[in-house]
Protein chains: 2
Amino acid sequence: MDLNKLLKQKNEWLSGIGPDSDIVISSRVRLARNLQKMPFPHRDTTQDNIEIMHAICAVIKKSRFFNKGTILFLDSCSDLDKQLLLERHLISKELLLTRAGSAVAIDESLGLSIMINEEDHLRLQILKSGFQLKECWEILDAVDTEIGNKLDYAYTPVFGYLTSCPTNVGTGMRASVMLHLPGLVMMDLINKVMHAVIKLGMTVRGFYGEGSEFLGNLFQISNQVTLGKDENEILSNIKKVLDLVVEHERNSRLMMQSKNEEKLRDQIGRAYGILANAHLISSKETLGLLSALRMGIDLKYVKNINKRCINELYIATQPAHLQKQTGKLLEPERRDAIRAELIRNYLHNDAQKNKP
Amino acid sequence: MDLNKLLKQKNEWLSGIGPDSDIVISSRVRLARNLQKMPFPHRDTTQDNIEIMHAICAVIKKSRFFNKGTILFLDSCSDLDKQLLLERHLISKELLLTRAGSAVAIDESLGLSIMINEEDHLRLQILKSGFQLKECWEILDAVDTEIGNKLDYAYTPVFGYLTSCPTNVGTGMRASVMLHLPGLVMMDLINKVMHAVIKLGMTVRGFYGEGSEFLGNLFQISNQVTLGKDENEILSNIKKVLDLVVEHERNSRLMMQSKNEEKLRDQIGRAYGILANAHLISSKETLGLLSALRMGIDLKYVKNINKRCINELYIATQPAHLQKQTGKLLEPERRDAIRAELIRNYLHNDAQKNKP
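Residues numbered from 1 in each chain as written. Chains lettered and ligands numbered in written order. Predicted model: local features only at pLDDT ≥ 70, side-chain atom pairs only at ≥ 80, totals over all residues. Heavy atoms only, no water.

S.K.: Could you give an account of the sheet that holds strand 4 (residues 112-116) of chain B, with specific residues and numbers?
M.R.: Residues and elements named next belong to chain B. Strand order in this open sheet of eight strands is 2-3-4-5-1-8-10-9, and the pairing throughout is antiparallel. Looking at strand neighbours, the two that pair on one side only are strand 2 (70-73) and strand 9 (202-205), the edges of this open sheet. The sheet shows a mean angle of 20 degrees between the axes of neighbouring strands, direction not considered. Where strand 4 meets strand 5 (residues 122-129), five bridges bridge the pair, whose relative direction is antiparallel. When the bridges of strand 5 are listed, M115 appears paired with R123. (Pairing = 2+ DSSP bridges. Helix = DSSP H or I, 4+ residues; strand = E, 2+ residues; numbered from the N terminus. Axes fitted to C-alpha atoms, helices over the stretch in contact; angles between N-to-C directions.)

Right, dumping it as structure tokens:
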């Protein structure tokens, strides 16, 4: 697959049109699976790895879900390309450190990918826009069933699916949503709400995954436990927590509007003005300003920019995307200039398209 | 005169098209004159004041320079109107504290005004765009000659014109230029240059006159001495100093461009973005951002905004102008909102006009 094509593809999960997309940017479900009778990753040999990869690839190639897809072998990918796949949420950090036999099967149109020889033999995942965990699960379940029928998964009736890390044993499922919570942050309620979320059995991460800061008011919430519950229970638990967070965020935004609307408009206007006119901008500042602008769109203060544009900028302004786009490795200072140019062009083009 | 009309008038001195207008915003010459055999202001009685005012007004009314002009009696002006005249550089701070018999004759089309019963009986002044001190003096000299022929000026062959304050004795002339010096400020050379300017016999003030901060990188330079030199000497002295300052400023701008052009473009772009999109803005922040934008126009980075627009905003964003425009007294917080709206509209309209 030509990764340059990947750069240009319109992803459904970035479209900004899914349910609750004023707050929920995207939903993701992933399943961890391993093959029976084969050593689990980290304990297998290079020979094992390659054998496992071939077995899995052979099945994927015949899958009806991947007929427009492609398979990438990570040991033949450059570091930049791997970084690109990571930024696009198609592979995990684990796969940056390539071992022999690591691969990823991608069907971008579906937002579907399967990592091979990551922490587990298979990691199946799907992304959709807005709050669509149930829809994600339905597709992924079908993919998993089709592939599982042709591969011998490690499974016991007592524990369920067996995985490398005990936290994934059981359903092997992790369901997560990426949330935009500027209201809770600005009203200084975010810590209180996130503590409640964690108490309800969820894990909270930043935009760049585990250990990352909460830049751009972006919060990723996922289930902590996969054992002892079936998939629908997990999804319904997340939904309950999410409904709570969404309600609090909407209330916070209303409070901000009634408290000092002019200040809010000012903040949003300035964010737009800087993004549309800066010539040097860091990724950290970008995420902060995009947050204000995204809220401006939600509150209908900003009418000439689409949410898709913001969502795409989250991805396109990251280092590997910038470097892939310009076709060369860039020093951080140069990246800040290229990033600023890209943002100016994105916003200008989007504003032209949305002219009244 | 309807002061609302004043708000809408296009002043030549704000046009931004005079010589050296990349650096010299405007030139101003004023003459201090007093009537013989009448007590000078501060020593005269109300009766004297009124008598003096009538005598002067009678002459001005017949002047060919004021045939489109008007006379305003300051004791019948509201505080807001007086503040408006001050912001427009038509009266001095002194005239805010009205005494009986204070007045100002204005011919806006010429940028000409005569204050009556300020510190002196007459203060004649003229403003022109860019570096035009000589042109200012030529017109003002003609005005002064015409009026002086009909009034008996206090004058002695030894001292020249007599004035209330000894610093004005002699020619009674003060010539000043308003300079925009962002290059010298950013390259940290401004103190050095201003010390040299002062050593060469000049006075340096800020945008709002004596004692005001140097907001917006605006510096007003004027002659210190009026005694012992004729008018042409004074003007040629100022010109020498000014040529020096202009050269240093141009060099500083070139240095900035060659040193880090991207950072400069970034600063200018952000200034434009904020001015064109903010919803709350103080007058101090406004002057700072207008400075960057003005430099952007001079360096041809900004092509859709005219310098006239920036110059007019210097005036239009001041408190009395904002309040006159909205027709009511405003709290500072409301002013910040109205100021932001006014700036957005000015820049939007100017950009529309200058569309390629």
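Past the structure itself, the notes keep going.
S.K.: Please set out the interface of chain B and chain A residue by residue, giving values where relevant.
M.R.: Each side of the interface is counted separately: chain B has 20 residues, and chain A has 20 residues. Between chain B and chain A lies a buried interface of about 1,500 Å² when both sides are counted; carbon and sulfur atoms form 52% of it. At the surface where chain B touches chain A, the tally comes to four salt bridges. Taking the shortest distance from any N to any O, the salt bridge between A:R270 and B:E285 comes out at 2.8 Å. Taken together, the links from chain B to chain A amount to 10 residue pairs in polar contact (both at pLDDT 80 or more). At the level of elements, helix 7 (231-277) and helix 11 (332-353) of chain B are the ones that each hand at least two residues to the side of chain B that touches chain A. The dominant element in the side of chain B that touches chain A, judged by the number of residues it contributes, is helix 7 of chain B, at 11 residues. Split by residue class, the side of chain B that touches chain A holds six nonpolar, five polar and nine charged. (Contact = heavy atoms within 4.5 Å. Buried area = accessible area lost by both parts, 1.4 Å probe. Salt bridge = Lys/Arg side-chain N within 4 Å of Asp/Glu carboxyl O. Polar contact = N/O pair within 3.5 Å; in protein donor to acceptor, adjacent residues only side chain to side chain. Nonpolar A, V, L, I, M, F, W, Y, C, P; charged D, E, K, R; others polar.)

S.K.: Residues and numbers for the packing of helix 9 (residues 307-316) of chain B against helix 11 of chain B, please.
M.R.: All names here are of chain B. Contact geometry of helix 9 with helix 11 gives a least axis separation of 11 Å together with a crossing angle of 165 degrees. Judged by the angle between their axes, helix 9 and helix 11 are roughly antiparallel. Handedness of the helix 9/helix 11 crossing: right-handed. Taken together, the residues of helix 11 that come into contact with helix 9 (itself represented by C309, E312, L313 and A316) are L342, I343, Y346, L347 and D350. (Parallel < 35°, antiparallel > 145°, perpendicular 65-115°, else oblique. Left-handed = near helix turned anticlockwise from the far one by under 90°.)

S.K.: I'd like to hear about the relation of the copies chain B and chain A, residue by residue, with values.
M.R.: Superposing chain B onto chain A requires a rotation of 180 degrees together with a translation of 0.0 Å along the rotation axis, leaving an RMSD of 0.0 Å. Taken together, the rotation and translation relating the two chain copies correspond to the operation of a two-fold axis. Judged by C-alpha distance, B:G273 is the residue of chain B that lies nearest the rotation axis, at 1.8 Å. Residue by residue, 100% of the interface of chain B is reproduced at the interface of chain A, so both copies engage with the same surface. (Least-squares fit on C-alpha atoms with pLDDT ≥ 70 in both.)

In short, shape yes, function no, at least from these values alone.
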